[in-house]
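Summary of structural features
Spelled out from the first residue to the last, the chains are:
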Amino acid sequence: MTETSTPRRRFPISFQLEPRLTDTSRWLSPALSLGAVVVALLIGGVILALVGSDPWKTYVHIAKASFGDIGVFSDTLVKATPLILVGLACSVAFSMRLWNIGAEGQFYIGAFTASTVVLVPLLPDDSPGWLFLITMIAASLIGGALWGFIPGFLKARFKVNEVISTLMMNYIAVAWNNYFIFAVWSEGGFQMSKVFPKNAWLLRLSDFSNQVPAFRGLTTHFGLILALVATVVVWLILYRSKWGYEIRLIGDNPEAARYAGIPIARHTILVMMLSGALAGLAGMSEISGVVHRLQGAISPGYGFTGIIVAWLAKLNPFGVVLVSVLFGALILAGREIQPSGVPKLIQGIILVCLISSDFLMRYRIRIVRRAEEM
Amino acid sequence: MNPAGELEDIKAVSMHGIVKRFPGVLANDHVNFELCHGSIHALLGENGAGKSTLMNILAGLYQPDTGVILINGKPFTFHSPRQAIEAGIGMVHQHFMLVPSHTVTENILLGLDKPRFRMHLKEYDHKIAELGEQFNLQVDPRARVWQLSVGEQQRVELLKMLYRGANVLIMDEPTAVLAPKEVEDLFRTLRTMVAAGKSIIFISHKLHEVMSIADQVTVLRRGKVTAADIDPSTVDRAQLARLMVGRDVLFTLEKSPQKPGDVVLSVKGLEAENDKGLPALRGATLEVHSGEIVGLAGVAGNGQRELADVITGLRRAKSGHVLVQGEELTNKSPCMGIKMGVSHIPEDRTHVGTAPNLSVTDNVIMKTYNLPPIGRGWMLNSIAAERYAVKLKDAYEILAPSINTPVRLLSGGNLQRLILAREISSAPMLMIAMQPTRGLDVGAIEGVLRLLLAQREAGAAILLVSEELEELLSLSDRIYIIYDGQIMGEVLDGDIEKIGMMMTGTRLELIQQQETLSTGA
């Protein structure tokens, strides 16, 4: 408590934190996120300057490495594609407060089931491209959905905590995959399958370089289209469909959802299946569009990065696209800059600033002039 | 200088020119408030009048935009509740802030500097028991909070404040959660505390309680003080109500005689358990016809909640039947009832009836999203939903900045209006209304009761569960009384004595037998 007539001179203004009691404008959240990124860049710049490098030059170089020309931008998009899909997978599940930590495993299983089309083989090697496309997409959706169904069912029927079940199933998926690439489908003793037939590759922009010379060397593939279509579909589901309304209601207050007659167990299973399917699709997109074979290292932790992407995008599908591109850029720049720790440093600082800025959504800073009473 | 004389002039609390603005509303408009030492001062007003805001400012939860607070004549600014408590101001909120799994002592010691590291709880148990004896707030310090009744939990909240040395106690709607007997106990406690030198501010909208307990009354309306420091013995309820609401309030409503139609709800021999696994319903049987309001009277905790839950499908019945328009609804999911036109106003409106972070629109369509025009096939027509939300917002006067505001920012009264709007506007065939006016101020209560009567005239069957006997008497065509999970009897003539006896466990047949015996002799 403060009392007047204290002879000590105090700093005339002080900052007090007050919880926000009213609704905030729609622009506050993206403005805060942008502000956080700017602050992060400033902090990173200071650190860079302290170690003797030129922050402005570094940033320009990083930006160029990811967005500088059409080629690197295309590479950024390639990195962003699986992030978008996994980010969507996590957004859908998180909207219902289903903590799907198993996107990584669902990714692997989706890659696996898509590979079965080529490697069993379910279709002859010379089947037309569109047939491969449809079956591989379907296979990955089914595989991912199955991997999501299991923890979903366990939660709905036996109240098994999905954080643990989805997390554990990641290990099972990777091990399952490893069995096949080490043994059954191993190509020449290496830990990878044979290269997929050309028709099973996802189209790339560079495939059209004959018609459009500018597309030469661009690796952006059809998976991006799949990701963008999925974005729109997920947005329609969550915000314009009855199912999405029910999902969001359950996520916000399961008691109210029960009172409104919504079957929570059924939705638990369905949403986990949808989430798994999207992550599975990401798996298919990576092996068909980038590496063209099934191998061990198809994911540098996309499943877990997807969780952060979904969270930072505040579970909004279009936000997921933006954040994925940003993260894709940072992953790419990590290869270009020496020391390679610098973009990781910036990525980390951005993350910390973004997470901290969320606090300003719930509290505001009030400038109080002391010695004002009476 | 005469210290005693000076002390009499200095008020315990003095607030001058308090202004507090929230976006879109001026909650306190140059409000002055004074609390004398050793008195109980009631703060009366409708929901949204600004009384909670004013007291939250005093308790350190908000800061006023302008204005001055004097405690015992010295100016203070509180930036947090801790500073307020250090100055001797303690607030007991309507929704208790206790940790259910901890003991009473642990809750009281929460947040204090002592005990520092090692907790010698036995010593503190002793101290707290003594404090309880001193102020007539007996409670077992070793009991865990979840085991205590609501009245006992309130005592813990009071002890919390007294232990911290509060001299001024602010009580926010303390009787809203208490049974009639517990209210008497509370009033006795308040008088003991005042005799021991404490001063009390009592926020309420219940006129009869204010008139019985308060030494002084201040009335707020729409942020302004309409009457200050009134002595309640000099006014009557109608005057106070007029000061609160700004117009004459009807305490009894016109009820048109209505011929009830067919049976809509039939409950036979229902048995069910409560949340603790103990039997709560032991064979309840009742009937509600269309076009009538049937009241269910009884002290809280005799099975009303479980009965409403079973009828609406939120709780399993161990045996018995629930029939709505002849169809068996026992143990079916709530959506079946909703489809048939059963609407339910829940007792716990925030936790069960709304989704706090979703918008007004999203909450309003909770029962109708499945039907056209809002829901067609798989899609949700957001334009139709918004139009519906705007219509209800205007028709039921729900005060909110916009239909996109998350409902956790709405006041309790507006939340209730939202739920009512949602449940009534679907033109239900059967309505189960649990405490529909709880927590509402006089003006809003009148509005709710009018709406219920209008539904009755439109032919709806209404089961009204309420603890306010007056409300039941004025609205109901018939009243059942529930006690210990069974229906004790039915009253058609509003005989309060009979009702009172049934509420304490005497069956109607027994009462009638005694009557014939006494008239015979």
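Residues numbered from 1 in each chain as written. Chains lettered and ligands numbered in written order. Predicted model: local features only at pLDDT ≥ 70, side-chain atom pairs only at ≥ 80, totals over all residues.

**Let's talk about the overall build of chain A**
Using the following cut-off: Helix and strand assignments come from DSSP, with helices taken as H or I runs of at least 4 residues and strands as E runs of at least 2, each series counted from the N terminus. Residues are called buried when their C-beta atom has 20 or more other C-beta atoms within 10 Å, exposed when it has 12 or fewer, and partly exposed otherwise; all C-beta atoms are positioned from the backbone. Two residues qualify as being in contact provided that their C-beta atoms, derived from the backbone, are within 7 Å of each other.
The helix and strand inventory of chain A stands at 14 helices and 2 strands. Counting across all 374 residues of chain A, residues that qualify as buried make up 44%. A separation threshold of at least 6 residues defines the contact pool for chain A, and within that pool the share at least 24 residues apart is 76%.

**Topic: the overall build of chain B**
What counts is decided by this rule: Using C-alpha atoms as the atom set, the radius of gyration is obtained and then compared with a globule rule of 2.2 Å times the number of residues to the power 0.38.
When its secondary structure is counted, chain B shows 19 helices and 22 strands. Computed over its C-alpha atoms, the radius of gyration of chain B comes to 25 Å, within 12% of the 24 Å expected for a compact globule of 521 residues. In terms of its C-alpha atoms, chain B occupies a principal-axis envelope of roughly 80 × 65 × 55 Å. Every one of the 521 residues in chain B was classed for burial, and the buried ones make up 44%.

**Focus: the nonpolar core**
Quick note on the threshold: Note on terminology: a nonpolar core is any set of buried Ala, Val, Leu, Ile, Met, Phe, Trp, Tyr and Cys residues joined through C-beta atoms within 7 Å.
If you look at the biggest cluster of nonpolar residues, it comprises 240 residues, and the most contacted ones within it are L85 and L278 of chain A together with I170 and L464 of chain B. Every residue in contact with L278 of chain A, bar those within four places of it in the chain, is listed here: L85, L88, A89, V92, G144 and A230 of chain A.

**Thoughts on the sheet that holds strand β4 (residues 66–71) of chain B**
Residue and element names in this part refer to chain B. Our working rule: At least two bridges found by DSSP between two strands are what make those strands a pair. Axis definition: a line fitted to C-alpha atoms, limited for helices to the stretch in contact. Angles are taken between N-to-C directions and run from 0 to 180 degrees.
Strand order across the open sheet formed by 4 strands is β2-β1-β4-β5, with antiparallel pairing between neighbours. Across the chains shown, the open sheet's two edge strands, defined by having one partner strand only, are β2 (25–35) and β5 (74–76). The mean angle between the axes of side-by-side strands here comes to 30°, regardless of whether they run parallel or antiparallel. With 3 bridges joining them, β4 and β5 adopt antiparallel strand pairing.

**A few points about the interface of chain A and chain B**
Applicable threshold: Each residue is assigned to one class: nonpolar for Ala, Val, Leu, Ile, Met, Phe, Trp, Tyr, Cys and Pro, charged for Asp, Glu, Lys and Arg, and polar for all the others, Gly among them.
Between chain A and chain B, the contact holds 26 residues from the first and 40 residues from the second. Secondary structure elements with two or more residues in the side of chain A that touches chain B: α8 (242–252) and α9 (254–259) of chain A. When its residues are assigned to classes, the side of chain A that touches chain B shows 10 nonpolar, 7 polar and 9 charged.

**Points about the sheet that holds strand β3 (residues 40–45) of chain B**
Residues and elements named next belong to chain B. Taking strand neighbours across the sheet as the criterion, the 6 strands line up as β6-β7-β8-β3-β9-β10 in an open arrangement whose pairing is mixed. Either end of the sheet is taken by a strand with one partner, and the two such strands are β6 (89–92) and β10 (224–230). Averaged over all pairs of adjacent strands, the angle between strand axes in this sheet comes to 15°, irrespective of strand direction. In this sheet, β10 lies alongside strand β9 (residues 216–221) in antiparallel orientation, the contact comprising 4 bridges. Looking across to β10, one finds that V219 is bridged to A227. Where helix α9 (residues 237–245) meets the sheet, its contacts fall on β3, β9 and β10, and the angle it forms with β9 comes to roughly 35°.

**Regarding helix α15 (residues 412–425) of chain B**
What counts, and what does not: Each residue after the first adds 1.5 Å to the expected span of a helix.
With 14 residues, α15 of chain B extends 20 Å between its outermost C-alpha atoms, agreeing within 8% with the 20 Å of an ideal straight helix rising 1.5 Å per residue. Here α15 of chain B lies mainly inside the structure; 13 of its 14 residues are buried.

**Thoughts on the packing of α15 of chain B against helix α16 (residues 442–457) of chain B**
Residue and element names in this part refer to chain B. Note the threshold: Geometric relationships in this document are graded by angle, where less than 35 degrees denotes roughly parallel, more than 145 denotes roughly antiparallel, 65 to 115 denotes roughly perpendicular, and other angles denote oblique.
One way to put it is that α15 packs onto α16 with a least axis distance of 11 Å and a crossing angle of 10°. Taken as axis vectors, α15 and α16 run roughly parallel relative to one another. Here α15 contributes G413, L420 and I424 to the contact with α16, which in turn contributes A444, V448, L451 and Q455. For the contact of α15 with α16, the residue count by class is 5 nonpolar, 2 polar and no charged.

**Let's talk about the packing of helix α7 (residues 223–240) of chain A against helix α10 (residues 264–291) of chain A**
Residues and elements named next belong to chain A. Test applied: The sense of a crossing depends on the near helix, which, turned anticlockwise from the far helix by less than a right angle, makes the crossing left-handed and, turned clockwise, makes it right-handed.
Between α7 and α10, the least distance of the axes is 9 Å, while the angle of their chain directions is 165°. If you check the angle between α7 and α10, you find them roughly antiparallel. When you trace α7 past α10, the crossing you get is left-handed. Across from G223, L226 and A230 in α7, the residues of α10 making contact are L278, L281, S285 and G289. A breakdown of the residues in the contact of α7 with α10 according to their chemical character gives 4 nonpolar, 3 polar and no charged.

**Notes on the confidence of the model for chain B**
Residues and elements named next belong to chain B. Applicable threshold: One confidence number per residue, pLDDT, is output by the predictor and ranges from 0 to 100.
Counting all residues, the mean pLDDT for chain B is 85, and 95% of those residues have values of 70 or more. Every residue in residues 1–7 scores below 50 in pLDDT, and together they form 1 contact with partners more than four places removed in sequence or on other chains. Reported for the predicted complex are a pTM of 0.73 and an ipTM of 0.79.

**So, the confidence of the model for chain A**
Overall, the prediction assigns chain A a mean pLDDT of 85, with 91% of residues at 70 or greater. Scored below 50 in pLDDT, residues 1–7 of chain A makes 14 contacts in the model with residues more than four places away or belonging to other chains.

**Observations concerning the environment of L48 of chain A**
Residues and elements named next belong to chain A. The residue L48 is located in helix α1 (residues 28–50) in this model. The exposure class assigned to L48 is partly exposed, which follows from the 19 C-beta atoms found within 10 Å. Taking the C-alpha atoms as reference points, L48 and D125, 77 residues apart in sequence, are found 52 Å from one another. When sequence neighbours within four positions are dropped, the list of residues in contact with L48 reads S53, P55 and T58.

**Here we look at the domain arrangement of chain B**
Residues and elements named next belong to chain B. So the rule is basically this: Where each domain starts and ends follows an automatic or database-derived domain assignment.
Split into domains, chain B comes out as domain 1 (10–245), domain 2 (253–341 + 428–521) and domain 3 (349–427). Here domain 1 and domain 2 have C-alpha centroids that lie 35 Å from each other. Taken together, the contact between domain 1 and domain 2 spans 9 residues of the former and 9 residues of the latter. Per-element tally for the side of domain 1 that touches domain 2: the top contributor is α9, with 3 residues.

**Structural notes on the pairing of β3 of chain B**
All names here are of chain B. Here β3 lies mainly inside the structure; 6 of its 6 residues are buried. Side chains I40, A42 and L44 of β3 all project onto a buried face; the interleaved residues H41, L43 and G45 project onto the opposite face, where all are buried too. Across 5 bridges, β3 lies against strand β8 (residues 199–204) in parallel orientation. For A42, the partnering residue across the bridge sits in β8 and is F202.

**Focus on α10 of chain A**
Helix length check: α10 of chain A, at 28 residues, gives a terminal C-alpha distance of 40 Å against a target of 40 Å (1.5 Å per residue), a fit within 8%. Within α10 of chain A, 23 of the 28 residues are buried, leaving the element largely enclosed by the surrounding structure.

**Looking at the environment of E423 of chain B**
Residues and elements named next belong to chain B. You can see E423 is positioned in helix α15. Residues E423 and R116, 307 residues apart in the sequence, show an inter-C-alpha distance of 52 Å. Ignoring anything within four residues of it in the chain, the contact list for E423 reads S343, H344, I345, P428 and M431.

**Section: the pairing of strand β11 (residues 263–273) of chain B**
All names here are of chain B. With 8 bridges joining them, β11 and strand β12 (residues 279–289) adopt antiparallel strand pairing. Each bridged residue has a counterpart across the sheet, and for E273 the counterpart in β12 is P279. Here β11 folds back onto β12 in antiparallel fashion, the turn holding 5 residues, of which G277 has a positive phi close to 85°. Both β11 and strand β14 (residues 319–324) contribute to a ladder of 5 bridges, which runs antiparallel. Residue pairing across strands places K268 opposite H321, the latter belonging to β14.

**Re unusual backbone geometry**
Looking along the chain, the bond that leaves V120 of chain A and enters P121 of chain A is cis, with omega of -10°. By the secondary structure assignment, P121 of chain A is in the loop between α4 (103–119) and α5 (129–158). Positioned with a positive phi, R97 of chain A is a non-glycine residue whose angle comes to about 55°. Despite not being glycine, N136 of chain B has its phi angle at roughly 65°, a positive value.

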